[in-house]
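Read off the chains here:
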Amino acid sequence: MKKHNFSAGPSILTQEVLQKASEAVLNFNNDNLSILEISHRSPAFVAVMEKARSLVLELLDLENKGYSVLFLQGGASLQFLMTPYNLMKENGKAAYLDTGAWSSKAIKEAKLFGEVEVVASSKDKNYNYIPKNYTIPSAVDYIHCTSNNTIYGTQIKEFPKSDNVLVCDMSSDIFSRQLDFTQFDVIYAGAQKNMGPAGTTLAVVKESILGKTGRTIPSMLDYQVHISKDSMFNTPPVFAVYTSMLTLQWLKEKGGIAAIEKINNAKAELLYSEIDNNPLFKGVAEKEDRSNMNVTFVLTDDSLKDKFDSMCKEADISGINGHRSVGGYRASIYNALPLESVQVLVNVMKALK
Ligand SMILES: *Cc1c(COP(=O)(O)O)cnc(C)c1O
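Residues numbered from 1 in each chain as written. Predicted model: local features only at pLDDT ≥ 70, side-chain atom pairs only at ≥ 80, totals over all residues. Heavy atoms only, no water.

1. A look at the pairing of strand β4 (residues 115-121)
In this structure, strand β3 (residues 93-98) lies alongside β4, joined through six bridges in parallel fashion. From the neighbouring strand, L97 faces β4, where its bridge partner is A120. A crossover links β3 with its parallel partner β4, the connecting element being helix α4 (residues 101-110), and its sense is right-handed. (Pairing = 2+ DSSP bridges. Helix = DSSP H or I, 4+ residues; strand = E, 2+ residues; numbered from the N terminus. Right-handed = clockwise from strand over helix to strand, strands pointing away.)

Written as structure tokens, this is what we have:
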């Protein structure tokens, strides 16, 4: 029996996707070759890439709205520098929201390219809330935010409203909830949290914002180069793209983001209500800013730690240790995690004495 996998990333994939992916490793498309040993230019793989790109636009409701979909490498961490490289003018300026460790890493890279104004930060309380009522300066090249803070368990509910270009790191909550995705000009996400295995990074880019910086951008870091080659400028990470495509297909068959959001809300409600009603547990993030993907909590009585940990192990629960900078526990309840797994965790919490 498979464990209940609450890992923060790389994280759970559905059994159905794992089954199909493993079949393709042995024999892809009944062609008696592995997907790992055929050309990325072969019609069979080009079709996979095209399918993956079109599913992204379909699921985000961004079809025919001027967006291009790229499957890149280098993780979300490379996007921390690709975004300023492609969007910040020479001697330009960008505005950043500092809502956690990933945001601050993005800020560090952007500072290599120009001026960064941190418009708001929740660092004062170890990032356990989302700052509100901040003012965005008007003369910036773009605004950058992180929709879900994987480590602290907070999530932005209201995005910055302005006429500026808006860039969002959605690594840990892409495809998890309905949003008006047209409010963003660049969305990026490492695949390994809510979309697929490690090895590829999704970037959804509005083409009309590109080519305005006056910079010479190295080819591999230039969104326009990747767009002009349909995400095939160099050899793409074929297996990661294929497995992501399978997950996107699974999501579409399930009813898309609207359907998965309902399930995600039910999972989060079940777990948060146990945290709030059980005196042995306490949530880490401010209630109004709680994430529906990463649920952070602590024991109110540390002496119960060993007992709780062994009960979790007994119940085949895996991956709920908190990040070292927060401590306690973190249950990541991404799209692929079934409601039953959350119920198992809640039952263990109820049984703790
Ligand atoms: C995991 C994570 C990253 C880093 O992703 P890599 O693919 O490892 O570079 C960046 N941002 C957020 C919000 C994350 O959760």
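2. Considering the sheet that holds strand β8 (residues 166-169)
The strand order across the open sheet built from seven strands is β2-β10-β9-β8-β5-β3-β4, with neighbouring strands paired in mixed fashion. Each edge of the open sheet carries a strand with a single partner, namely β2 (67-72) and β4. On average, each strand axis in the sheet is inclined to that of its neighbour by 15°, with strand direction left out of account. Sheet topology note: the β3/strand β5 (residues 142-146) ladder contains three bridges and is parallel. Within β5, the residue paired with Y96 across the bridge is H144. Along the sheet, α4 makes contact with β3, β4, β5 and β8, crossing β3 at roughly 165°. (Axes fitted to C-alpha atoms, helices over the stretch in contact; angles between N-to-C directions. Contact = heavy atoms within 4.5 Å.)

3. Structural notes on the side chain of T146
Within the secondary structure, T146 is located in strand β5. A polar atom in the side chain of T146 sits 2.8 Å from the side chain of S103. Among residues more than four places away in sequence, those in contact with T146 are T99, S103, I156, C168 and D169. (Polar contact = N/O pair within 3.5 Å; in protein donor to acceptor, adjacent residues only side chain to side chain.)

4. With respect to the packing of aromatic side chains
Going through the model one piece at a time under the given rule, you end up with 11 aromatic pairs. Here the aromatic rings of F181 and F184 are separated by 6.5 Å at their centres, their planes lie at 45°, and the arrangement is tilted. We classify F181 as buried; its relative accessible area is 4%. Looking at F184, the relative accessible area reads 0%, which means it is buried. With 5.6 Å between their ring centres and 20° between their planes, F297 and Y329 make a pair best called stacked. Of this pair, F297 sits in strand β12 (residues 294-299) while Y329 sits in strand β14 (residues 329-332), placing them 32 residues apart in sequence. Each member of the pair, F297 as well as Y329, is classed as buried. (Phe/Tyr/Trp six-rings, centres within 6.5 Å; stacked < 30°, edge-to-face > 60°. Buried < 20%, exposed > 50% of the residue type's maximum accessible area, 1.4 Å probe, protein only.)

5. A closer look at the packing of helix α1 (residues 15-26) against helix α7 (residues 238-253)
One can describe the packing of α1 onto α7 by two numbers: an axis separation of 10 Å at closest approach and a directional angle of 145°. Regarding α1 and α7, the two cross each other, and that crossing is right-handed. Residues E16, V17, K20, A21, A24 and V25 of α1 touch α7, and the partners they reach there are F239, Y242, T243, L246, T247, W250 and E253. Tallied by class, residues from the contact of α1 with α7 come to eight nonpolar, two polar and three charged. (Left-handed = near helix turned anticlockwise from the far one by under 90°. Nonpolar A, V, L, I, M, F, W, Y, C, P; charged D, E, K, R; others polar.)

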